[in-house]
Amino acid sequence: AAPRAGAGSARVTEMSVNTAHGAFTVDGVHTEVLVSDYSNRLMVVVTQIGKLGTIYHAADPGPGGVFEGDIPPEVRTLIGRYDDATLEAAARRLVQIVQSRGVSKPVLVSLGTVPNLDLGTLRGVVRAAGDFATEALGLAVPRGAPAE
């Protein structure tokens, strides 16, 4: 029998998600960034390996709307490497960049980096991804703030 509408049928709703994709090279390493702006959170995927890698979550910045000063946001590892402090610091910095420029909702960050990535290269990747996310979201660098 063919499915019929009525009691017990699933309701389909349309969800609009603003998404931007970019690619760039930092120190010879091809990197892709996907930014998806959902109504209740932002997701930033940064990959050099074509996979999600480790996924981090940063909560809503709180009543002030954005984090103030140089205090980095707290991030929690959801999936992936729980023992990589450098990668966690990179996720925290990426969240700090987008939240300092006006994002006031929780942020998911996915980092799939090549093994043994040089710290300077990782910093460059985070800076480029943060700038791309900021541009994709239509946010500007705050006046008087140094460029990342």
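Please read these numbers as outputs of a predicted model, since none were measured by experiment. (Residues numbered from 1 in each chain as written. Predicted model: local features only at pLDDT ≥ 70, side-chain atom pairs only at ≥ 80, totals over all residues. Heavy atoms only, no water.)

Is there a simple way to explain the environment of L139 in this structure?
Note that L139 resides in the segment after α2 (119-136). Sequence-wise, L139 and V103 are 36 residues apart; in three dimensions their C-alpha atoms are separated by 8.5 Å. For L139, the residues in contact, after removing those within four places along its chain, are V98, R101, V103 and T134. (Helix = DSSP H or I, 4+ residues; strand = E, 2+ residues; numbered from the N terminus. Contact = heavy atoms within 4.5 Å.)

Looking at this structure, I do not really get unusual backbone geometry. What am I missing?
A negative phi angle is the norm for most residues apart from glycine, just as the trans form is the norm for most peptide bonds. Even without being glycine, D27 reaches a positive phi, approximately 50°. For D27, the location among the structural elements is in the loop between β1 (18-26) and β2 (29-37). Taking the relative accessible area as the measure of exposure, D27 reaches 60% and is therefore exposed. (Buried < 20%, exposed > 50% of the residue type's maximum accessible area, 1.4 Å probe, protein only.)

Please clarify how helix α1 (residues 85-100) should be interpreted in this entry.
It helps to recall that an α-helix has 3.6 residues per turn; residues three or four apart then point in one direction. Under the 1.5 Å per step criterion, the end-to-end length of α1 is 22 Å for 16 residues, consistent within 8% with the ideal 22 Å. Those residues of α1 that fall on the buried side of the exposure criterion are L87, A90, A91, R92, L94, V95, Q96, I97, V98 and Q99. N-cap assignment for α1: the residue whose side-chain oxygen lies 3.2 Å from the backbone N of T86 is D84. Once α1 ends, the next one or two residues include G102, with phi positive near 125°. (Expected span 1.5 Å × (residues − 1). Polar contact = N/O pair within 3.5 Å; in protein donor to acceptor, adjacent residues only side chain to side chain.)

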